[in-house]
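Understanding the architecture of this molecule
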Amino acid sequence: MNVQVRLILFLSLFLVVACESENKLNAYALNGNTMGTTFNITLVTPPTDTNLKILHTAILEKLEHVENIASTYRPKSELSEFNANPSTDWITVTPEFCQMVADALAVSATTSGAFDITVGPLVNLWGFGPATQEDGLPSNDEVAAARANVGYQLLASNCDQDKLQKTSAGIYVDLSGWAKGYAVDEVAALLDNAEIENYLVEIGGELRARGHNSESRKFAIAIEKPLQNNEMQHTMVRLSDVAVATSGDYRNFYEHDGQRYSHTIDPRTGHPVTHNLTGVTVVTASTAYADAMATALLVLGPEDGHALAEQLDLASYFLVRTEHGVEELSTSQFAQLRQQ
Ligand code: ADP
Ligand code: MG
């Protein structure tokens, strides 16, 4: 399907909700699919001269653009072409892709490699990438072979010259833990430019809120809390002018011989995370950073993750599976946010 046809289809999905009740403000919702998940955008009281149709088209084009750069599921994306390139010389890339990779590598350094975009060979090996999964679990030899090409130090960036370099032809970059948050930030920037002061932008659970909702209150953000009986509870926080991202082991996983294998991989062991931390939510200014930090803290686990988040002054909320049920653990920054 060409882009234009797809855009028209998306446009026909627009759900324009004008709230007419007396004390509710005008709100407009735009939803659809992107990056293998859904997106939901709410605009509240946009300036009267806003051309919503043009804005909607610009948002959809922006999402398309990010996928065309960062998707491992699109063989022609800039990332897929970079991955397919066996050169170990400096490779010229677009400034935007270079910066995404450089920013993601910086988070690797902050988290001692718990977040690592070179984790791709392991993601694919464990059956969470674009390639179809083989039956059974990978052998220790296969994990060791994949790990030889994993490590953020194996990838270098020089964005003054728009260049990236792999030290080994087998490097496979996976931006799936970065791109959704990044796309939220890009859409938010677009809305800021259009002088929209109140909005919520959410892609696959990663979100950014600015201003107020249609009831003139901060946006109500529900954090999922999976219970032992597979039911879901929600913790509500009212937030504004922040980004929120959650990583969990309860949405994208499979079970093998009673063991749960989550799509978050610990690059240090080469295995999916298996500890008792079931979910982490991070609240900060940038959605891309929140998205990556949530993954990193999930990898690090309740003790090391909590300690790093405190050290970085990062508002984070951990859900830990214990024999008494799922228990909550907050950093001091997060506790403060909940009191506001
Ligand atoms: P979640 O919301 O659970 O964090 P995401 O889709 O944002 O889910 O991120 C998970 C994806 O990130 C995985 O499917 C994989 O492609 C990639 N990934 C897995 N482990 C890591 C890691 N340690 N560092 C960076 N990316 C990872
Ligand atoms: Mg994420």
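Residues numbered from 1 in each chain as written. Chains lettered and ligands numbered in written order. Predicted model: local features only at pLDDT ≥ 70, side-chain atom pairs only at ≥ 80, totals over all residues. Heavy atoms only, no water.

1. Brief notes about the overall build of the chain
When helices and strands are tallied, the chain shows nine helices and 17 strands. Since a compact globule built from 340 residues should have a radius of gyration of about 20 Å, the 20 Å found for the chain is in line with a globular shape. Once the C-alpha set of the chain is aligned to its principal axes, its extents read approximately 65 × 50 × 40 Å. In the chain, the share of contacts with a sequence separation of at least 24, taken over all contacts with a separation of at least 6, comes to 60%. Summed over its atoms, the accessible surface of the chain is roughly 16,000 Å², and 47% of this surface lies on carbon and sulfur atoms. Looking at charge distribution, the chain has the averaged site of its 21 positive side-chain charges lying 4 Å from that of its 42 negative ones. (Helix = DSSP H or I, 4+ residues; strand = E, 2+ residues; numbered from the N terminus. Rg over C-alpha atoms; globule rule 2.2 N^0.38 Å. Contact = heavy atoms within 4.5 Å. Areas by Shrake-Rupley, 256 points an atom, 1.4 Å probe, with all protein chains shown as cover. Lys, Arg positive; Asp, Glu negative; His and termini not counted. Charge placed at Lys NZ, Arg CZ, Asp CG, Glu CD.)

2. Some remarks on the packing of helix H7 (residues 176–193) against helix H8 (residues 287–311)
The axes of two packed helices give the description: the angle between them and the distance between them. Where H7 meets H8, the axes come as close as 7 Å, and the angle between the chain directions of the two elements is 155°. The pairing of H7 with H8 is recorded here as roughly antiparallel in orientation. Judged by the sense of rotation from one axis to the other, the crossing of H7 with H8 is right-handed. Residues Gly-177, Trp-178, Lys-180, Gly-181, Tyr-182, Val-184 and Asp-185 of H7 form the contact with H8, whose participating residues are Thr-287, Ala-288, Tyr-289, Asp-291 and Ala-292. In terms of residue class, the contact of H7 with H8 is made up of six nonpolar, three polar and three charged. (Axes fitted to C-alpha atoms, helices over the stretch in contact; angles between N-to-C directions. Parallel < 35°, antiparallel > 145°, perpendicular 65-115°, else oblique. Left-handed = near helix turned anticlockwise from the far one by under 90°. Nonpolar A, V, L, I, M, F, W, Y, C, P; charged D, E, K, R; others polar.)

3. Considerations on the coordination of the magnesium ion (ligand 2)
At this site the magnesium ion (ligand 2) is bound by Glu-206 (OE) and Asp-291 (OD), with donor distances of 2.0 to 2.4 Å. On the criterion of sequence distance, the pair formed by Glu-206 in strand E7 (residues 206–210) and Asp-291 in helix H8 is long-range, its members being 85 residues apart. There is no split in this pair, since Glu-206 and Asp-291 are both buried. (Donors = N, O, S within 2.8 Å, 3.2 Å for Na, K, Ca; no water. Buried < 20%, exposed > 50% of the residue type's maximum accessible area, 1.4 Å probe, protein only.)

4. With respect to the pairing of strand E4 (residues 155–158)
Here four bridges tie E4 to strand E5 (residues 163–166), and the two strands are oriented antiparallel to one another. Across the sheet, residue Ser-157 finds its bridge partner in E5, namely Leu-164. Here E4 folds back onto E5 in antiparallel fashion, the turn holding four residues, of which Asp-162 has a positive phi close to 55°. (Pairing = 2+ DSSP bridges.)

5. Describing the packing of aromatic side chains
Taken as a whole and judged by the stated rule, the model has six aromatic pairs. With a centroid separation of 6.2 Å and 40° between ring planes, the pair formed by Phe-115 and Trp-178 is classed as tilted. Pair noted here: Phe-115 is in the loop between helix H4 (95–110) and helix H5 (120–125) and Trp-178 is in helix H7, with a separation of 63 residues, a long-range link. On the accessibility criterion, Trp-178 (4% relative accessible area) is buried. (Phe/Tyr/Trp six-rings, centres within 6.5 Å; stacked < 30°, edge-to-face > 60°.)

6. Focus: the site of ligand 1
Close to ligand 1 lie 20 residues; Ala-114, Asp-174, Lys-180, Ser-247 and Ile-265 are nearest. Note that a nitrogen atom of ligand 1 is positioned 2.9 Å from one of the backbone N or O atoms of Ala-114. Taking His-263, its side chain carries an N or O atom lying 3.0 Å from an oxygen atom of ligand 1. Its free accessible area being 570 Å², ligand 1 has 92% of it covered by the protein chains. At the level of elements, H7, strand E10 (242–248) and H8 are the ones that each hand at least two residues to the shell around ligand 1. (Near = heavy atom within 4 Å. Polar contact = N/O pair within 3.5 Å; in protein donor to acceptor, adjacent residues only side chain to side chain.)

7. A closer look at the packing of H4 against H7
The interhelical angle for the contact between H4 and H7, taken along N-to-C directions, is 120°, at an axis separation of 12 Å. What the angle tells us is that H4 and H7 run oblique. As for how H4 packs across H7, the hand of that crossing is right-handed. Each of Glu-96, Met-100, Asp-103, Ala-104 and Val-107 in H4 lies in contact with H7, whose residues at this interface are Trp-178, Tyr-182 and Glu-186.

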